[in-house]
Amino acid sequence: MATLPNPLRSPAAAGLELPPGRLVDDTVDGTWDEPLLWYGDESASPGSWAAMRASGRPVGLLPVLIDGGMRAQWPERWDLAPARTTYAGDHDAEDVLSESWEAYADDELDDASADWPGLAPVPAEAGPDTPDGLAAEVADQLTGMGFSPAGMRPGLVPARRSADIPAAIGWSGPLNHENDVARLCAVLRSWEDRFGARVVVLGFDTMIVSVSRPPTTPAEAEALAAEHFAFCPDNIQQSTLNTLQAYAEKALLKQETWAFWWD
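Residues numbered from 1 in each chain as written. Predicted model: local features only at pLDDT ≥ 70, side-chain atom pairs only at ≥ 80, totals over all residues. Heavy atoms only, no water.

Enquirer: Could you give an account of the nonpolar core, naming the residues involved and the relevant values?
Expert: Grouped together as the largest cluster of nonpolar side chains are 56 residues, with contacts concentrated most on Trp191, Phe231 and Phe260. For this core, the element with the highest residue contribution is helix H5 (residues 181-195), accounting for eight residues. Phe231 has contacts with Leu97, His177, Leu184, Val187, Leu188, Trp191, Phe260 and Trp262, leaving out every residue within four places of it along the chain. Counting 13 residues, the second largest nonpolar core, distinct from the first, contains Ala136, Ala139, Met152 and Ile208. (Core = buried A, V, L, I, M, F, W, Y, C linked by side-chain atoms within 4.5 Å. Buried < 20%, exposed > 50% of the residue type's maximum accessible area, 1.4 Å probe, protein only. Helix = DSSP H or I, 4+ residues; strand = E, 2+ residues; numbered from the N terminus. Contact = heavy atoms within 4.5 Å.)

Enquirer: Outline the sheet that holds strand E7 (residues 197-202), listing residues and values.
Expert: Two modes of strand pairing occur in sheets, parallel and antiparallel, and in both the strands are linked by backbone hydrogen bonds. The strand order across the open sheet formed by seven strands is E1-E4-E6-E5-E7-E8-E9, and the pairing between neighbours is mixed. The sheet is open, and its two borders are formed by strand E1 (21-24) and strand E9 (257-261), each paired with just one other strand. Taken over all neighbouring pairs, the strand axes of this sheet differ in orientation by 30° on average, direction set aside. Taken together, the two bridges between strand E4 (residues 37-40) and strand E6 (residues 152-158) define a ladder with antiparallel strand orientation. Paired with Trp38 across the strands is Leu156, a residue of E6. Sitting on the sheet, helix H1 (residues 48-56) touches E4, strand E5 (61-67), E6 and E7, and the angle it makes with E5 is about 150°. Against the sheet, helix H3 (residues 131-144) makes contact with E5, E6, E7, strand E8 (206-211) and E9, and its axis sits at roughly 25° relative to E7, the strand it touches most. (Pairing = 2+ DSSP bridges. Axes fitted to C-alpha atoms, helices over the stretch in contact; angles between N-to-C directions.)

Enquirer: A description of the pattern of salt bridges should follow, citing residues and the corresponding values.
Expert: One pass over the structure, following the stated rule, counts twelve salt bridges. Across the salt bridge formed by Glu34 and Arg9, the nearest N and O atoms sit 3.1 Å from each other. Note that Glu34 is positioned in the loop between strand E3 (30-31) and E4 and Arg9 in the segment before E1, a separation of 25 residues in sequence. Residue Arg9 is classed as exposed on the basis of its relative accessible area of 57%. A salt bridge links Arg53 to Asp132; the shortest N-O distance between them is 2.7 Å. Note that Arg53 is positioned in helix H1 and Asp132 in helix H3, a separation of 79 residues in sequence. (Salt bridge = Lys/Arg side-chain N within 4 Å of Asp/Glu carboxyl O.)

Enquirer: Mind laying out the packing of helix H6 (residues 218-231) against helix H8 (residues 244-252), listing which residues take part and the relevant values?
Expert: Packing of H6 against H8 leaves a shortest axis separation of 8 Å and a crossing angle of 100°. Taken together, the axes of H6 and H8 lie roughly perpendicular to each other. From H6, Ala221, Glu222, Leu224, Ala225, Ala226, His228 and Phe229 reach across to H8, where they touch Leu244, Gln245, Tyr247, Ala248 and Leu252. Of the residues that constitute the contact of H6 with H8, the class distribution is nine nonpolar, two polar and one charged. (Parallel < 35°, antiparallel > 145°, perpendicular 65-115°, else oblique. Nonpolar A, V, L, I, M, F, W, Y, C, P; charged D, E, K, R; others polar.)

Enquirer: Outline H6, listing residues and values.
Expert: The end-to-end C-alpha distance of H6 is 20 Å, a good match for the 20 Å that 14 residues give at a rise of 1.5 Å each. With ten of 14 residues buried, H6 is to be regarded as a mostly interior element. Glu220, Ala221, Leu224, Ala225, Ala226, Glu227, His228, Phe229, Ala230 and Phe231 are the residues of H6 that are buried. (Expected span 1.5 Å × (residues − 1).)

Here is the structure:
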């Protein structure tokens, strides 16, 4: 797996002026040989995501909000496993989704057909915002409304693209569904390309993605609902929106944020 020089080894030498925070190199296999991410000691506020993007992007760092969740679980307690994580570019998004569909859909979805329906098309209508512009707006809304009980903190991750952030830190949030998060990052890459997706928030087992080109018709939303089920079955299995049609209508149609939670 090709890697970038890690500016978190020496933030000052990289020209970074970061607020008080900490570098994380704790993993399930021991101390990693370089920092996996930085996150702040203080809660993020509106403008934090955009400020982190502006300072980090020129040196190969991308922003993400770190969610402590109900139990104030910060990255030192996330069971990060970079040594067990492959490279997202080595996986095909449709292969990942179709394998998951075949494993889960028949037994778990009343309205699922036996066959994988294929990838959803690119929505016909583009949204008014750029992907990064919308991501900044979503981050500001979440921090401004006090979305997380423990608060959210600004973070920076050495990664080439937003979709790779979970794999770059060896995130194990979806462990009960997928042992190698790089496979799900291959799907996130495809969503970046088709829907203008950006990973805005990561928690212990949660993720929030902004979407600058969401589906705008019921048919587009229903096609995408199959992908969401394969990506995160718990979103539908453990929800009141427990059919693809209901999920498409309420969670996807014209929605500029997608939230995921793995049990």
